[in-house]
Amino acid sequence: MAEEEKVTGTGGGEVPGTPPEKPAEEPNPAGETTPESGEQEKPAEEKKSRHKEKKESEKLKEELEKAKADLAALNDRYLRLRAEYDNFRKRTEREKAAIYDDATSLAVTEILPVADNLERALQLEACSVEDLRKGVEMVQTQMQTSLTKLKITAVGEVGEAFDPNLHNAVSHIEDETLGENVISAVYQKGYKRNEKVVRPAMVQVAN
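*Asks:* Please explain the overall build of the protein chain as it appears in this structure.
*Replies:* What the protein chain contains, in helices and strands, is two helices and six strands. From first element to last, N terminus to C terminus, the protein chain shows the α and β order α-α-β-β-β-β-β-β. When each of the 207 residues of the protein chain is scored for burial, the buried share is 11%. As presented, the protein chain carries roughly 18000 Å² of accessible surface, and 55% of it is formed by carbon and sulfur atoms.

*Asks:* Before we go on, may I ask you to explain the sheet that holds strand β6 (residues 201–206) in this structure?
*Replies:* As a general point, the strands of a sheet are linked pairwise by backbone hydrogen bonds and lie either parallel or antiparallel. Strand order in the open sheet formed by three strands is β2-β6-β3, and the pairing between neighbours is mixed. For this open sheet the edge positions go to β2 (167–173) and β3 (182–188), each flanked by a neighbour on one side alone. Each strand axis lies, on average, 30° off the axis of its neighbour in the sheet, ignoring direction. Relative to β6, β3 is paired through five bridges, and the arrangement is antiparallel. Residue Gln 188 lies in a different strand from β6, and its bridge partner there is Met 202.

*Asks:* Help me understand the pattern of salt bridges in this model?
*Replies:* Any two side chains of opposite charge can pair, on the condition that their charged atoms come close. Within this structure, the stated rule accounts for seven salt bridges. Between Asp 86 and Arg 89 there is a salt bridge; the shortest N-O distance is 2.6 Å. Within this pair, Asp 86 and its partner Arg 89 are both found in helix α1 (residues 35–123), separated by three residues, close to a single helical turn. Judged by its relative accessible area of 25%, Asp 86 is partly exposed. Its relative accessible area of 33% is what places Arg 89 among the partly exposed residues. The shortest N-O distance in the salt bridge between Glu 93 and Arg 89 comes to 3.3 Å.

*Asks:* Help me understand the confidence of the model for the protein chain, please; the structure alone is not making it clear to me.
*Replies:* When pLDDT drops low, the exact placement of atoms in the prediction is not to be read closely. On average, residues of the protein chain score 83 in pLDDT, and 80% of them are at 70 or above. Long-range and interchain partners of residues 1–13, a stretch whose pLDDT sits below 50, account for 17 contacts in this model, where long-range means more than four residues apart.

The rules behind each value
Residues numbered from 1 in each chain as written. Predicted model: local features only at pLDDT ≥ 70, side-chain atom pairs only at ≥ 80, totals over all residues. Heavy atoms only, no water. Helix = DSSP H or I, 4+ residues; strand = E, 2+ residues; numbered from the N terminus. Buried < 20%, exposed > 50% of the residue type's maximum accessible area, 1.4 Å probe, protein only. Areas by Shrake-Rupley, 256 points an atom, 1.4 Å probe, with all protein chains shown as cover. Pairing = 2+ DSSP bridges. Axes fitted to C-alpha atoms, helices over the stretch in contact; angles between N-to-C directions. Salt bridge = Lys/Arg side-chain N within 4 Å of Asp/Glu carboxyl O. pLDDT = per-residue confidence, 0-100. Contact = heavy atoms within 4.5 Å.

So, in structure tokens, the structure goes:
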């Protein structure tokens with residue numbers, strides 16, 4: 001006969017036919033990760049990290065595209081402003097040139113009749129001294145009329161107080177009959193238009 005398996009009973013004896021007991025598994029403390037569970041969590045964390053990096057990359061791309069668009073808009077605005085300023089500068093130069101030409105033409109138009117009369121006087125073959133003097137006086141009167149139309153007035157008269165803004169003193173004398181710093185002689189009249197001096201008068205100043 002085959003030998004029967006012997007199992008220890010409760011009294012320390014062996015109970016026939018009972019398999020040996022397996023050692024009990026120790027409980028897993030809370031919060032601890034077993035090697036198997038750690039290996040399962042790694043792919044999930046890597047996937048989450050890649051997703052986060054992708055979102056950040058997309059956000060940076062959007063910001064870059066926005067910055068490029070803003071730069072292009074600013075560059076376009078700069079080019080437009082530059083073109084507008086260049087057109088304004090050219091237009092202003094043309095207007096200034098036109099104003100100068102108009103003013104010059106107006107002045108010349110007022111003086112041309114004087115030039116015409118001088119030309120007619122030179123065409124006379126013979127005339128007396130008296131007629132010549134009268135002709136010159138007429139031309140001078142016409143010239144004064146033209147200057148008045150242009151709002152040009154003469155400055156520098158004997159007896160006036162010397163003004164360095166209007167007069168240019170080229171000589172100085174002592175004269176008891178005249179006051180201090182007074183014009184005693186005028187060598188060349190000066191002219192001004194409104195308050196702008198066209199030419200200062202060349203004068204002699206006393207005392």
